[in-house]
Amino acid sequence: MQLDVITLFPEWFDWFADQRHVRNALAAGHELRTFNPRDHTELSGRQVDDTPFGGGAGMVLRVDVMDRALRGVYGRDPVELREDRRVIALAPGGRTLDDAYVDELVAEDGVTLLCGRYEGFDERIVERFCTETLSIGRYVLAGGELAAMVVADAVLRKLPGTLGHDASAVEESFSAALDGDPEYPHYTRPAEYRGWAVPDVLLSGHHGRIEAWRRERSRERGAAGRRLDRDDG
Ligand code: ADE
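Attention shifts here to the packing of aromatic side chains. A full pass over the atoms with the stated rule returns two aromatic pairs. Measuring from ring centre to ring centre gives 5.7 Å for Phe 9 and Trp 12, while their planes differ by 45 degrees; the resulting arrangement is tilted. Residue Phe 9 is classed as partly exposed on the basis of its relative accessible area of 23%. The lysine or arginine in question, Arg 95, covers the ring of Tyr 101, its NZ or CZ lying 3.7 Å from the ring centre.

Okay, here's the thing in structure tokens:
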């Protein structure tokens, strides 16, 4: 897949692109590209943002700059681009990212993530150029870059060949294989440490019992997580 990030801070992604699972994804033919709207603006001083009409704090990314940036990258009107590509504005109030949302993106050939900064985007960017807005949680980051990395990480690790052991992306937290529940607990050597023993069943070699035990722990965790969400919300 081709994952593009439109960001005023492309250098932030250098570190991310150098992580092993990301390098694996790139070696397998997937792409992670970054583009800076500043390289496309015609405004003096490479300006990309402006003060909000109606007043208020902060700066807003300009619609004309984003139009030029997307045209420069894709060679077509972004109003048409979104008809056959998911163009996603990262914003705290968007659709919250979860495993099902990640799976939708994994199924795409190309996805574009727009990172806001300061007060975010001129609303016409979202209305005219984007297919949706995505949030990684109900809190406000200083910009969309870390959110874009969260999305990219969650998506790229699910692509075949990215993780060392492909099965690890199948039976994992929130997957269909676990009916949407979190993953069961894992243990490794030593079997006992400071008197803390690994559950006997995991040392039994009895696959049926191990699987049943894991499924049960996974269900318990799911129920506990839902209780915490309810109590917080
Ligand atoms: N930009 C700022 N805060 C964000 C959030 N929580 N999710 C996605 N993008 C953001």
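Moving on to the site of the ligand. Neighbouring the ligand are the residues Leu 90, Ala 91, Pro 92, Leu 134, Ser 135, Ile 136, Gly 137, Tyr 139, Val 140, Leu 141, Gly 143 and Ala 147. A distance of 3.2 Å separates a nitrogen atom of the ligand from a polar atom in the backbone of Ala 91. Residue Leu 141 places a main-chain N or O atom 3.0 Å away from a nitrogen atom belonging to the ligand. Bound to the protein, the ligand loses 96% of the 260 Å² it would expose on its own. Here the ligand is seated within the largest pocket. Element by element, the count of residues in the shell around the ligand is highest for strand β5 (residues 86-96), at three residues.

So, about a nonpolar patch on the surface. Taken together, the side chains of Trp 12, Tyr 139, Leu 141 and Leu 146 define a hydrophobic patch exposed on the protein surface, amounting to about 370 Å² of accessible area. Examined against the element boundaries, Leu 146 turns out to sit in helix α7 (residues 145-156). On the accessibility criterion, Leu 146 (46% relative accessible area) is partly exposed.

We now examine the nonpolar core. Judged by nonpolar contacts, the single largest core of 27 residues is most densely connected at Leu 90, Leu 105, Leu 113, Leu 134, Val 151 and Leu 156. Broken down by secondary-structure element, the contributors of at least two residues to this core are β1 (2-6), α1 (12-17), α2 (20-27), β5, α5 (99-106), β6 (110-115) and α7. Among the elements that make up this core, the one with the highest residue count is α7 (eight residues). Those residues in contact with Leu 156, other than ones at most four positions away along the chain, are Leu 3, Phe 16, Val 22, Ala 25 and Thr 162. Core analysis: the next-biggest nonpolar cluster, separate from the first, contains 19 residues, Ile 6, Leu 8, Val 73 and Cys 130 among them.

On the secondary structure map, Thr 7 appears in the loop between β1 and α1. There is a polar contact of 2.6 Å between the side chain of Thr 7 and the side chain of Glu 145.

Attention now goes to the sheet that holds strand β2 (residues 31-35). Strand order in the open sheet formed by five strands is β2-β1-β6-β5-β7, with parallel pairing between adjacent strands. Strand pairing shows two members of the sheet lacking a second neighbour, β2 and β7 (132-135), which therefore form its edges. If you compare each strand with its neighbour and ignore which way they point, the axes differ by 35 degrees on average. In the sheet, β1 pairs with β2 via five bridges, with the strands oriented parallel. In the sheet register, Gln 2 faces β2, and the bridge partner there is Glu 31.

Definitions and cut-offs
- Within each chain, residues carry numbers counting from 1 in the order of the written sequence.
- In view of the model being predicted, local features appear only for residues whose pLDDT reaches at least 70, and side-chain atom pairs are presented and counted only at 80 or more, with totals across whole chains, interfaces and linings using the full set of residues.
- The side-chain values count all of the structure's non-hydrogen atoms but skip hydrogen atoms and water molecules.
- Classification of ring pairs rests on two measures: the distance between centres of Phe, Tyr or Trp rings, Trp counted by its six-membered ring, which must be within 6.5 Å, and the angle between planes, read as stacked under 30 degrees, edge-to-face over 60 and tilted in between.
- Think of it in three bands: residues with accessible area under 20% of the maximum for their type are buried, residues over 50% are exposed, and the middle band is partly exposed, with areas taken using a 1.4 Å probe on protein chains only.
- The rule is short: NZ of Lys or CZ of Arg within 6 Å of the ring centre and within 35 degrees of the ring normal puts a charge over the ring.
- The criterion for a residue being near a molecule or strand is simple. One of its heavy atoms has to lie within 4 Å of it.
- As used in this structure description, the phrase polar contact means that two N or O atoms lie within 3.5 Å; if the pair is within protein, one of them must be able to donate a hydrogen and the other to accept it, and residues adjacent in sequence are counted only when both atoms belong to side chains.
- To measure how exposed things are, a 1.4 Å probe is used in the Shrake-Rupley method; for residues, cover is taken only from the protein chains shown.
- We place a 1 Å grid over just the protein atoms. Points where a 1.4 Å probe fits but has no way out form a cavity, open points with protein on both sides within 12 Å along at least 5 of 7 lines form a pocket, and any residue with an atom within 4 Å of a point lines it.
- Placement in a cavity or pocket follows one criterion, namely that more than half of the molecule's atoms lie within 2 Å of its grid points.
- Where helices and strands are cited, they refer to DSSP runs of H or I of at least four residues and of E of at least two residues respectively, numbered from the N terminus.
- Surface patches are defined over residues having more than 30% relative accessible area and no salt bridge, joining like charges when they lie within 9 Å and nonpolar side chains (Val, Leu, Ile, Met, Phe, Trp, Tyr) when within 5 Å.
- By salt bridge we mean one thing: a side-chain nitrogen of Lys or Arg within 4 Å of a carboxyl oxygen of Asp or Glu.
- Remark: nonpolar core denotes a set of buried residues (Ala, Val, Leu, Ile, Met, Phe, Trp, Tyr, Cys) joined through side-chain atoms within 4.5 Å.
- Contact criterion: two residues are considered in contact whenever any of their non-hydrogen atoms come within 4.5 Å of each other.
- Between any two strands, at least two bridges found by DSSP are needed for them to pair.
- Every angle, taken between N-to-C directions, lies between 0 and 180 degrees, and every axis is a line fitted to C-alpha atoms, over only the stretch in contact when it is a helix.

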